[in-house]
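One letter stands for each residue in the lines below.
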There are 2 protein chains.
Amino acid sequence: MQLADAPSDRRPLRRGSARAAILGAAARLFAERGFTHATVRDIAAAAGADPALVKYHFGSKEALFLEVVQQHNEWRDLVETPLEELAVAVVTALLDADAAGRGRQVFAALVRASDSPSIRSRLAQSMEEQFVRPIAARLEGAEAELRARLFAAQVHGLMTVLWLIDDQALLRDDRAAIVSRYAAALDVVLRADD
Amino acid sequence: MQLADAPSDRRPLRRGSARAAILGAAARLFAERGFTHATVRDIAAAAGADPALVKYHFGSKEALFLEVVQQHNEWRDLVETPLEELAVAVVTALLDADAAGRGRQVFAALVRASDSPSIRSRLAQSMEEQFVRPIAARLEGAEAELRARLFAAQVHGLMTVLWLIDDQALLRDDRAAIVSRYAAALDVVLRADD
DNA sequence: TGTTGAACTCAACGGCGTTGAAGTAGGCGC
DNA sequence: GCGCCTACTTCAACGCCGTTGAGTTCAACA
C-alpha cells in the first residue's frame, strides 16, 4: 500500500509560524473581499492553519482586522507636498487607480466595517493622523485645525465616490477637469482668509 | 365562545398583513442597527411573523433592505433651494442632527452594506437622483454635470465624517465657521468660471 | 360545498465566529 | 538522557445567521 500521504496543498507550517502566516493571509483576503466576506475559516485555510488559532493569536476576527489595518498609512508622505501644490497632488493621487490599489481596498474595508466602535475609531484615527494633524500643523491663519478637518472631509468625499460607490460616470469625465475643479475647492479651505 | 385568546405578546397578525408588518419592523431595525446587525429573525419577531415570510414576500434580506431604503429621498426638496443659498442650506441641514435623524441612519446603513453590488448601485442612484441630476439641471456654464458630481462628492464627504466616522472633534468646532468655510468650498464647484 | 392557490408555519441545512478540552512539541533544569 | 512546563496547535462542538422545502391553514370562487 503506497499511502503516499499526498498532503495535496496543506503543508503543516513550522511550529510557531502560524501567527505570521495568518496575518499575511488576512491582509490579502481582507483587501480582496472586505471584512465580512473574508471568513476566519478561509483566512486560516489560506495560511495553512486552524481557525481556532485566530482567536488564540489575535483574540477575535475584528482584532485581527485591526492588526492588519494598523500598518496602512499610505498617505503620510503625500501630505508633505508643499501647500501650494497639495490639493492638486492629493486629487491626482486619488484618481490614480494603480497607486491607490491597496489603499483603496483598505479604505473600503474600513468604512464598510465601521459598524464596530473599535473599527470606527481606527478610521477616525486614520483620518486624524494622515490628514488632519500633519496639515493643521502647517496651516497659517485662523482655525487651522478646523480647516484641516474640512480638507479631510472633502478628501473622504472623493474617496467615497471613487472607491466605495465606484462611480463610473465620474471616471468618464476629463481627469484634468476633475483635478483642477476639486483642487480649487480644496484650496478654499486650505487658504487663510484675506 | 368568546375566544378571548390572549396570546401573551405574539398576536397572530391578521392574515395578509405580514408583509406590511415586516416592512415596518425592518425600517426601524435596519435604521437602529444597520444591515448586518438587524437579523431576519429579529425583524420577523418584531413584526410578529415567521422568518420564512421574509423570503416569501421579499426574496431575501438584501431585497427587503432595498425595499426599505427605496422610499428614502430626504434631500429632494433641499436641493430646490436657490443656487446662491444652496451650499449654506445643505451644510446647515447636514449639521442639524435632529433633522438628519432618519436620513443619517439610512445613509450609514447603505454605505456600510455597499459590499453588495445591488446596494452599491442603489447608493449611486441615490446620489444621482438627490444631488447630481437636480443640481446639474440648474447649473450654468461649462461642465455642469461634472460640477454637480463634485458637489455631491463634497457633500458625501461631510456626511461620512459626521455620520459614519461620527467625528466628535468636528462637532466641538463652531458650527457657523464650519458652515461658512465648507459652503465656500462647495460654491467653488457650483459657480461657473469667470 | 369542494377546490384552489396564496399566505403562513415549522424543522432543518450549511456556514459563520467562537469556545473549551485535549493533544503536541520544544526548551530548560536535573 | 529524562521529565516537566509552557506555548502552540488541533478538533469537535456551540449558538446564531440567512435560507430552504415540505406541509398546513384559510379565504375566495365556481
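Residues numbered from 1 in each chain as written. Chains lettered and ligands numbered in written order. Predicted model: local features only at pLDDT ≥ 70, side-chain atom pairs only at ≥ 80, totals over all residues. Heavy atoms only, no water.

1. Re the nonpolar core
Core analysis: the largest hydrophobic core is formed by 135 residues, its most contacted members being F151(A) and F151(B). Sequence-distant contacts of F151(B), that is, excluding residues within four places in its chain, are made with L86(B), V90(B), F131(B), I135(B), L186(B), V189(B) and L190(B). (Core = buried A, V, L, I, M, F, W, Y, C linked by side-chain atoms within 4.5 Å. Buried < 20%, exposed > 50% of the residue type's maximum accessible area, 1.4 Å probe, protein only. Contact = heavy atoms within 4.5 Å.)

2. A closer look at the relation of the copies chain A and chain B
Rotating chain A by 180° and translating it 0.0 Å along the rotation axis places it on chain B, where the RMSD comes to 0.1 Å. Seen this way, the second copy is the image of the first under a two-fold rotation axis. Within chain A, G157(A) has its C-alpha nearest the rotation axis, a separation of 1.6 Å. An overlap of 100% is found between the interface residues of chain A and their copies at the interface of chain B, pointing to a shared contact surface. (Least-squares fit on C-alpha atoms with pLDDT ≥ 70 in both.)

3. A look at the packing of helix α1 (residues 18–37) of chain B against helix α4 (residues 61–70) of chain B
All names here are of chain B. At their nearest, the axes of α1 and α4 sit 9 Å apart, and the two run at 95° to each other. Between α1 and α4, the crossing angle belongs to the class labelled roughly perpendicular. Between α1, through R19, I22, L23, A26, A27, F30, F35 and T36, and α4, the contact on the second element is made entirely by K61, E62, L64, F65, E67 and V68. (Axes fitted to C-alpha atoms, helices over the stretch in contact; angles between N-to-C directions. Helix = DSSP H or I, 4+ residues; strand = E, 2+ residues; numbered from the N terminus. Parallel < 35°, antiparallel > 145°, perpendicular 65-115°, else oblique.)

4. Structural notes on the domain arrangement of chain A
Residue and element names in this part refer to chain A. Examined at the domain level, chain A breaks down into domain 1 (15–71) and domain 2 (75–190). A separation of 28 Å is found between the C-alpha centroids of domain 1 and domain 2. Summed over both partners, the interface of domain 1 with domain 2 buries about 880 Å², with 65% contributed by carbon and sulfur atoms. The tally of links between domain 1 and domain 2 comes to zero salt bridges. The interface formed by domain 1 and domain 2 contains three residue pairs in polar contact (both at pLDDT 80 or more). Looking at the side of domain 1 that touches domain 2, the elements with two or more residues in it are α1 (18–37) and α4 (61–70). Looking at the side of domain 1 that touches domain 2 element by element, the count peaks at six residues for α1. (Domains from an automatic or database assignment. Buried area = accessible area lost by both parts, 1.4 Å probe. Salt bridge = Lys/Arg side-chain N within 4 Å of Asp/Glu carboxyl O. Polar contact = N/O pair within 3.5 Å; in protein donor to acceptor, adjacent residues only side chain to side chain.)

5. A few points about the protein's contact with DNA strand D
Of all residues adjacent to DNA strand D, which total 20 residues, the nearest are R15(A), G16(A), H57(A), R15(B) and R41(B). Close to the protein, within 4 Å, the atoms of DNA strand D belong to sugar or phosphate groups at a rate of 52%. Side-chain polar atom of R41(B) to a base nitrogen of DNA strand D: 2.5 Å apart, as the coordinates give it. In the environment of DNA strand D, a phosphate oxygen lies 2.9 Å from a nitrogen or oxygen atom belonging to the side chain of K61(B). At the level of elements, α3 (52–58) of chain A together with α2 (40–47) and α3 (52–58) of chain B are the ones that each hand at least two residues to the surface near DNA strand D. It is α3(A) that contributes the most residues to the surface near DNA strand D, four residues altogether. Each residue belonging to the surface near DNA strand D can be placed in one class, and the counts come to seven nonpolar, five polar and eight charged. (Near = heavy atom within 4 Å. Nonpolar A, V, L, I, M, F, W, Y, C, P; charged D, E, K, R; others polar.)

6. Comments concerning helix α8 (residues 144–164) of chain A
Residues and elements named next belong to chain A. Compared with an ideal rise of 1.5 Å per residue, which puts 21 residues at 30 Å, α8 spans 29 Å between its outermost C-alpha atoms and is within 8% of the ideal. Counting buried residues along α8, 20 of its 21 residues qualify, which places the element largely inside the surrounding structure. Two residues or fewer after α8 comes D166, characterised by a positive phi angle close to 60°. (Expected span 1.5 Å × (residues − 1).)

7. Concerning the packing of helix α5 (residues 83–95) of chain A against α8(A)
Residues and elements named next belong to chain A. At their nearest, the axes of α5 and α8 sit 10 Å apart, and the two run at 20° to each other. Judged on the interaxial angle alone, α8 and α5 are roughly parallel. Remark: the crossing between α5 and α8 carries right-handed chirality. Residues L86, V90, V91, L94 and L95 of α5 form the contact with α8, whose participating residues are F151, V155, L158, M159, L162 and W163. Of the residues contributing to the contact of α5 with α8, the split by class is eleven nonpolar, no polar and no charged. (Left-handed = near helix turned anticlockwise from the far one by under 90°.)

8. Examining the interface of chain A and chain B
Across the boundary between the two partners, chain A contributes 40 residues, which contact 40 residues of chain B. Taking both partners together, chain A and chain B bury about 3,600 Å²; carbon and sulfur atoms supply 66% of that area. By the criterion of area lost to chain B, the three top residues of chain A are R112(A), I165(A) and R181(A), representing 21% of everything that side buries. Applying the counting rule to chain A against chain B returns six salt bridges. A salt bridge links R112(B) to D115(A); the nearest nitrogen and oxygen atoms lie 4.0 Å apart. For the pair chain A and chain B, the number of links is four residue pairs in polar contact (both at pLDDT 80 or more).

9. Structural notes on the protein's contact with DNA strand C
In the vicinity of DNA strand C lie 20 residues, with R15(A), R41(A), R15(B), G16(B) and H57(B) positioned nearest. Contact distances for DNA strand C include 2.9 Å between a phosphate oxygen and a backbone N or O atom of V40(A). The backbone of G16(B) places a nitrogen or oxygen atom 2.7 Å from a phosphate oxygen of DNA strand C. Mapped onto the surface near DNA strand C, the elements with two or more residues apiece are α2 (40–47) and α3 of chain A together with α3 of chain B. Element by element, the count of residues in the surface near DNA strand C is highest for α3(B), at four residues. Here the surface near DNA strand C is composed, by residue class, of seven nonpolar, five polar and eight charged.

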